[in-house]
Amino acid sequence: MSLVETAEQAKQDAAYKEALVEVLYQLADDDFIISYRGSEWLGLAPHIEEDVAFSSITQNTMGHAMLFYQLLEELGEGDADALAHERISNERRNGTYFEIKNGSGTYLEEPQYDWALAVVRNYLYEAFKKVKLEEALKSSYAPLRNTADKVLMEQPYHLGHWKTWITQLQDSSQEAKERIQSRLDEAWKQIGDAFELGPKADDILAKEILSSSETLKQRWLDSVKETLTYVPNGDLASELGNGRAKEHTDQLDQALATLSEVYNSDREAVW
Amino acid sequence: MAENEKKATFYKTYEVFSRKNDKSHAQHQFSLLAPNEEIALAMAQENFMRREDVIDVWVVARDNIRKMTSEERKQWTKRLDNKDYRNTKGYGYLRKKWREKEQEMLDEKEILSWKEVARK
Amino acid sequence: MYNYIEHGKGATAVSTHQEDPEKYAEFMERIEAGEKIEADDWMPDEYRQTLIKLISMHGISEIMGALPEKEWVPKAPSLKRKLGIMAKVQDEMGHGQLLLRVAEDLMAPYGKDREDIMQDLLRGDLKFHNVFHMATKSWADAGLIGWLVDGAAIITQTNMLDASYGPYQRALQRICAEEVFHAQHGEAIIMALAEGTEEQKAMLQDALNRWWPALLMFFGPPTAETTGSSKQEATIKYRIRKSTNEGLRQAYLDKYLPRIFSLGLTVPDETIHYDEEKKKWIYQQPDWNEFKQIISNNGPRSQARLRLRKIAHENSAWVREALATPVVTA
């Protein structure tokens, strides 16, 4: 497949464009929902200095979502803000594991947030994101290659940050070890759909927009096994549904209702 | 000692230094609390250099810094103003001498400009 | 292992001027000459106590102050606003970090650390600014905090940029530089609302009406008699700040009232006017008894916000415990 240089060029091949936007929605929606969950943590982290550092990662990640939404905008999918705020849950393609709440309660009341979930989920996510973006560097869609390249520039800090936390906690106190392990067990049951490419998988591969689901999964497993001292038994599962096929939990609905509350109060207004 | 109590803390003080670019020296930024240097380093950059260029970050446990005491600062940092011989200020008369010999003084500006002079 | 403390690493002598009249005189001479005092310099106990009170309250107010705005962080109405307000609230946490570090170093001779600050807060012994006890009911409140609460904070903080205590003054240089971004972030939200739909304008006016008394209270009572306590005398004597509470409030009204009016907004005080003769603003005093109630953690959202901090602190106790490293203390 020869390189597709511009959005205009991509739009000329309907099948290509349809497959391409699936990949872009996955990348954008993953970054957007995980950064939304990160924004709920603001002010509530275990340590003030960590709160500040974590927030930078959250902001960077939302910035990455914005870059991918802009690629969709160029392809005629609507403007970035509308894509982020207007789409309901069965139009979203993020992995379901990334949408689940940070703990019981809400960020406004009784936020019983769990730092073990934050550490495990963010670490696994950043390791996954690195693999997926590195594969995107080989994409037939040049603007995706360029954006992946840009994002990979600041993403190593994110991965390094969470790797430090998980490395330290997994081998510390008995309580910490147990909390991390049980969150890893949970992740293994819920993260499976993240590696899927969705309903257009065949075209995505045929048109060399991204590498296969198996490649992503294998490279990710190889990388996290180097860091984790405990790896759950069994295959990865998707107990919450297949987010790449727009299946989601009601926890995503809760997130969408909150993040678009003001936006939806008047979609025409300038905020 | 019997009255010494072994205690564990998450709150160790680390001093944070950073370099802005290849030409700048490490500069002290601020201090932060962390349980160990890896966590300290994982947090340092975003706590103090969010809005500036940074190419390197150091964290140092405060306990490992021997700084001057209050008294030492007062007593050891004062100097007499009689050290012209250490600076070009003490050799300013040369400018006139060289001029008499129709030569230009090789001053700091001149000498530092030589980095651009290519050897043939 | 040894009960031996090296100089500069252990407890600084905590003394009062009654015991050391000579040192006290030398200290006052230094600060009056504009010299800066460092953490390990001799200082009168009253100075240390005043600084600890002021800076720990300032620091914890930043931490608690992150919470009211944070309510609107996930809800901000566009990607750009989400990022802007996140960066702004992050800065508040960052300012809290800077200030608490300064306070912690001053408290070290008493064997206290950050955990004690948190416990003091949760017990109700450490107060935080009145404005952060208030509810944030709409997106306009988020903008108004950035514009007018931060505006008030800028007035009080710039007044201390030459403070005699070196570490505080250095932290304030960093903080004030970032406040410029905060002010503009707030102004951007306000400007969009002020130039927006009728609903947006009404939302903004409603926010201002609700916040006005709290904004006046921000600077504290004009005299000690009003509420029975005021730290302003000691802070001025020790060259920590320059102006009185009322002086700062007047400076704030000077700078912000014309801007408020220029946006077509009103303040809920029909009597407010500038007295040309006295060269000052005449305004309706806020209810200082209510102020006392608010800062005693009986404000509209005091207990709810403290509850958030308590949950956050307790839920992550296992993290701090897991990574704690042994130290030997005397």
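Please read all numbers here as calculations on a predicted model, not as lab measurements.

**As for the overall build of chain B**
No. 1: Scanning chain B from terminus to terminus reveals 4 helices and 4 strands.
No. 2: What you see in chain B, going N to C, is helices and strands ordered as β-β-β-α-β-α-α-α.
No. 3: The C-alpha atoms of chain B give 24 Å as radius of gyration, which overshoots the globular expectation for 120 residues (14 Å, by more than 25%).
No. 4: When each of the 120 residues of chain B is scored for burial, the buried share is 28%.
No. 5: As presented, chain B carries roughly 9,400 Å² of accessible surface, and 50% of it is formed by carbon and sulfur atoms.
No. 6: Averaging the positions of the 27 positive and the 22 negative side-chain charges in chain B gives two centres separated by 4 Å.

**A look at the pairing of strand β4 (residues 56-61) of chain B**
Regular strands place their side chains on alternate faces of the sheet.
Residues and elements named next belong to chain B.
No. 1: Judged by which residues are buried, β4 turns out to be one-sided: Val57, Val59 and Ala61 face inward and are buried, whereas Asp56, Trp58 and Val60, on the alternate face, are not.
No. 2: Pairing analysis gives 6 bridges linking strand β2 (residues 12-19) to β4, with the strands arranged antiparallel. Bridge assignment links tyrosine 14 to a residue of β4, and that residue is alanine 61.

**What about the domain arrangement of chain B?**
Where interface size is given, it is often the accessible area lost as the parts come together that is meant.
No. 1: By domain assignment, chain B separates into domain 1 (12-65) and domain 2 (82-113).
No. 2: Taking only C-alpha atoms into account, the centre of domain 1 of chain B sits 41 Å from that of domain 2 of chain B.

**Details of the interface of chain B and chain C**
No. 1: Tallying the contact residues gives 33 residues for chain B and 36 residues for chain C.
No. 2: The junction of chain B with chain C conceals about 3,000 Å² of combined surface from both sides, 49% of it contributed by carbon and sulfur atoms.
No. 3: Contact with chain C buries area across many residues of chain B, yet Tyr11, Phe30 and Arg50 of chain B alone supply 19% of it, more than any other trio.
No. 4: Applying the counting rule to chain B against chain C returns 9 salt bridges.
No. 5: Scanning the region where chain B abuts chain C turns up 14 residue pairs in polar contact (both at pLDDT 80 or more).
No. 6: When residues of the side of chain B that touches chain C are traced back to their parent elements, those giving at least two are β1 (5-9), β2, β3 (27-34), α1 (37-48) and α2 (70-76) of chain B.
No. 7: Its residues assigned to classes, the side of chain B that touches chain C comprises 11 nonpolar, 8 polar and 14 charged.

**Observations regarding the interface of chain C and chain A**
No. 1: Listed by partner, the interface residues are 44 residues for chain C and 53 residues for chain A.
No. 2: Carbon and sulfur atoms make up 66% of the area that chain C and chain A hide from each other, which totals about 4,300 Å².
No. 3: Inspection of the chain C/chain A interface yields 3 salt bridges.
No. 4: Close ionic contact of lysine 75 of chain C with glutamate 261 of chain A constitutes a salt bridge, the shortest N to O distance being 3.2 Å.
No. 5: Taken together, chain C and chain A are joined by 18 residue pairs in polar contact (both at pLDDT 80 or more).
No. 6: Looking at the side of chain C that touches chain A, the elements with two or more residues in it are α2 (45-70), α3 (79-107), α4 (114-123), α6 (166-194), α7 (198-217), α12 (302-315) and α13 (317-323) of chain C.

**Notes on the side chain of threonine 9 of chain B**
No. 1: Relative to the helices and strands, threonine 9 of chain B resides in strand β1.
No. 2: Using a relative accessible area of 12% as the deciding quantity, one classes threonine 9 of chain B as buried.
No. 3: Within the local environment of threonine 9 of chain B, its side chain forms a polar contact with the backbone nitrogen of tyrosine 11 of chain B, the two atoms lying 2.9 Å apart.
No. 4: When neighbours within four sequence positions are excluded, threonine 9 of chain B is seen to be in contact with Asp113, Ala324, Thr325 and Val327 of chain C.

**A few points about the sheet that holds β4 of chain B**
No. 1: Pairing in this open sheet of 3 strands is antiparallel, and the strands run β3-β2-β4 (chain B) from one edge to the other. Pairing within the sheet leaves two strands with one partner each, and these edge strands are β3 and β4 of chain B. Neighbour-to-neighbour, the strand axes of the sheet open up by a mean angle of 30°, direction not taken into account.
No. 2: Direction of pairing for β2 of chain B relative to β3 of chain B: antiparallel, over a ladder of 7 bridges. Residue pairing for β3 of chain B: serine 18 of chain B is matched across the bridge by glutamine 27 of chain B.
No. 3: Most of the contacts of α3 of chain C go to β3 of chain B, to which it runs at about 80°, and overall it touches β2 and β3 of chain B.

**Structural notes on the packing of helix α6 (residues 142-170) of chain A against helix α7 (residues 174-190) of chain A**
Two quantities define a packed helix pair, namely the angle between the axes and the distance from one axis to the other.
Residue and element names in this part refer to chain A.
No. 1: Axis separation between α6 and α7 bottoms out at 8 Å; the angle between their running directions is 125°. Relative to α7, α6 is oriented oblique. In this structure, α6 uses Ile166, Leu169 and Gln170 to contact α7, whose residues at the interface are Ala176, Lys177 and Ile180.
No. 2: Across the contact of α6 with α7, the residue classes break down as 4 nonpolar, 1 polar and 1 charged.

**Focus on the pattern of salt bridges**
No. 1: Counted under the stated rule, the structure contains 56 salt bridges over all chains.
No. 2: Residues participating in the shared-partner salt-bridge network are Glu49 of chain A, Glu15 and Arg62 of chain B together with Arg101, Glu104, Asp105 and Arg114 of chain C.

**Quick word on the environment of isoleucine 191 of chain A**
Residue and element names in this part refer to chain A.
No. 1: Within the element layout of this structure, isoleucine 191 appears in the loop between α7 and α8 (201-206).
No. 2: Relative accessible area serves as the criterion here: at 0%, isoleucine 191 is assigned to the buried category.
No. 3: The contacts of isoleucine 191, once residues within four sequence positions are left out, are Tyr97, Phe98, Leu124, Trp220, Leu236 and Ala237.

**Considering the packing of aromatic side chains**
For any pair of aromatic rings, geometry is given as the distance between the ring centres together with the angle between the planes.
No. 1: Counted under the stated rule, the structure contains 28 aromatic pairs over all chains.
No. 2: Centroid distance phenylalanine 17 of chain B to tryptophan 58 of chain B: 6.2 Å. Interplanar angle 45°. Geometry classified as tilted. Placement of the pair is phenylalanine 17 of chain B in strand β2 and tryptophan 58 of chain B in strand β4, with a sequence separation of 41 residues.
No. 3: Ring geometry for tryptophan 288 of chain C against phenylalanine 291 of chain C: centres 5.1 Å apart, planes inclined by 80°, an arrangement best described as edge-to-face. In this pair, tryptophan 288 of chain C and phenylalanine 291 of chain C both sit in helix α11 (residues 288-298), 3 residues apart, roughly one turn of the helix. Each of the two residues, tryptophan 288 of chain C as well as phenylalanine 291 of chain C, counts as buried.
No. 4: Aromatic ring contacts, followed pair by pair, group Tyr97, Phe98, Tyr125, Phe128, Trp188, Phe195 and Trp220 of chain A into a single cluster.
No. 5: Over the face of the ring belonging to tryptophan 72 of chain C we find lysine 75 of chain C, whose NZ or CZ atom lies 4.9 Å from the ring centre.

**Some remarks on the environment of phenylalanine 291 of chain C**
No. 1: By relative accessible area, phenylalanine 291 of chain C is classed as buried at 9%.
No. 2: With 209 residues separating them along the chain, phenylalanine 291 of chain C and lysine 82 of chain C place their C-alpha atoms 32 Å apart.

Rules and cut-offs
Residues numbered from 1 in each chain as written. Chains lettered and ligands numbered in written order. Predicted model: local features only at pLDDT ≥ 70, side-chain atom pairs only at ≥ 80, totals over all residues. Heavy atoms only, no water. Helix = DSSP H or I, 4+ residues; strand = E, 2+ residues; numbered from the N terminus. Rg over C-alpha atoms; globule rule 2.2 N^0.38 Å. Buried < 20%, exposed > 50% of the residue type's maximum accessible area, 1.4 Å probe, protein only. Areas by Shrake-Rupley, 256 points an atom, 1.4 Å probe, with all protein chains shown as cover. Lys, Arg positive; Asp, Glu negative; His and termini not counted. Charge placed at Lys NZ, Arg CZ, Asp CG, Glu CD. Pairing = 2+ DSSP bridges. Domains from an automatic or database assignment. Contact = heavy atoms within 4.5 Å. Buried area = accessible area lost by both parts, 1.4 Å probe. Salt bridge = Lys/Arg side-chain N within 4 Å of Asp/Glu carboxyl O. Polar contact = N/O pair within 3.5 Å; in protein donor to acceptor, adjacent residues only side chain to side chain. Nonpolar A, V, L, I, M, F, W, Y, C, P; charged D, E, K, R; others polar. Axes fitted to C-alpha atoms, helices over the stretch in contact; angles between N-to-C directions. Parallel < 35°, antiparallel > 145°, perpendicular 65-115°, else oblique. Phe/Tyr/Trp six-rings, centres within 6.5 Å; stacked < 30°, edge-to-face > 60°. Lys NZ or Arg CZ within 6 Å of the ring centre and 35° of its normal.

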